[in-house]
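Report on the structure
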Amino acid sequence: MSWKLFAFLASLVALFAFLPMLGIIIAGPIAQAAGCTLDGSAVHPCFIAGQDYGKTLYRLSLLGWLTIYTMTLAAVALAGLGLTQAVLLLARRRRASER
């Protein structure tokens, strides 16, 4: 595996790990700009342009909890990628030294 491919795959894993945080990053400022209350305990009404988006913003804000699982999966995937890269590097060095 080339270093470029390794870096690309590691970047994808990192993106996967932090993707659920995007819900919080989006929901918080929208609720704040609309003057709404947003917390993890209950759905609060949030009217934007005459429509209630409280439930949608609440669900988006709860996506942050999914990060607990995606971070764990990403750590395992990065460890596997690192181990694979290390084994391939050692195999290349061994083949180069045998020549």
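Sequence order as written defines residue numbering, which begins from 1 separately in each chain. Reporting in this predicted model follows two pLDDT cut-offs: at least 70 for local features of residues, and 80 or more for side-chain atom pairs to be given and counted; totals over whole chains, interfaces and linings ignore these cut-offs and use all residues. Calculated side-chain values reflect all of the structure's heavy atoms, with hydrogen atoms and water omitted.

With that out of the way, let us pick up helix H2 (residues 21–34). Put simply, DSSP marks the helices as runs of H or I at least four residues long and the strands as runs of E at least two long, and each gets a number from the N terminus on. An expected span of 1.5 Å times one less than the residue number is assigned to each helix. With 14 residues, H2 should reach 20 Å at 1.5 Å per residue; the first-to-last C-alpha distance of 20 Å fits that figure. Taken residue by residue, H2 has Gly23, Ala27 and Ala31 as its buried positions. Down the axis of H2, the buried side of the element spans an arc of 35°, and every buried residue falls inside it. Residues of H2 that are exposed and point more than 90 degrees away from the buried face comprise Ile25, Gln32 and Ala33. Next to the buried residues of H2 lie helix H3 (54–62). Within two residues after H2, Gly35 carries a phi angle of roughly 75°, on the positive side. Burial status follows relative accessibility: with a 1.4 Å probe on protein chains alone, a residue under 20% of its type maximum counts as buried, one over 50% as exposed, and anything between as partly exposed. Read the arc as the range of directions from the helix axis to the C-beta atoms. It only takes one pair of heavy atoms within 4.5 Å for two residues to be counted as in contact.

Quick look at the environment of Thr67 now. Topologically, Thr67 is positioned in helix H4 (residues 67–98). Using a relative accessible area of 9% as the deciding quantity, one classes Thr67 as buried. Linking Thr67 and Leu81, residues 14 residues apart in sequence, is a C-alpha distance of 20 Å. In contact with Thr67, not counting residues within four places along its chain, are Ala17, Pro20 and Met21. A distance of 2.9 Å separates a polar atom in the side chain of Thr67 from the backbone oxygen of Gly64. Between N or O atoms, a polar contact is any pair within 3.5 Å; within protein, one atom must be a potential hydrogen donor and the other a potential acceptor, and residues adjacent in sequence are included only when both atoms are from side chains.

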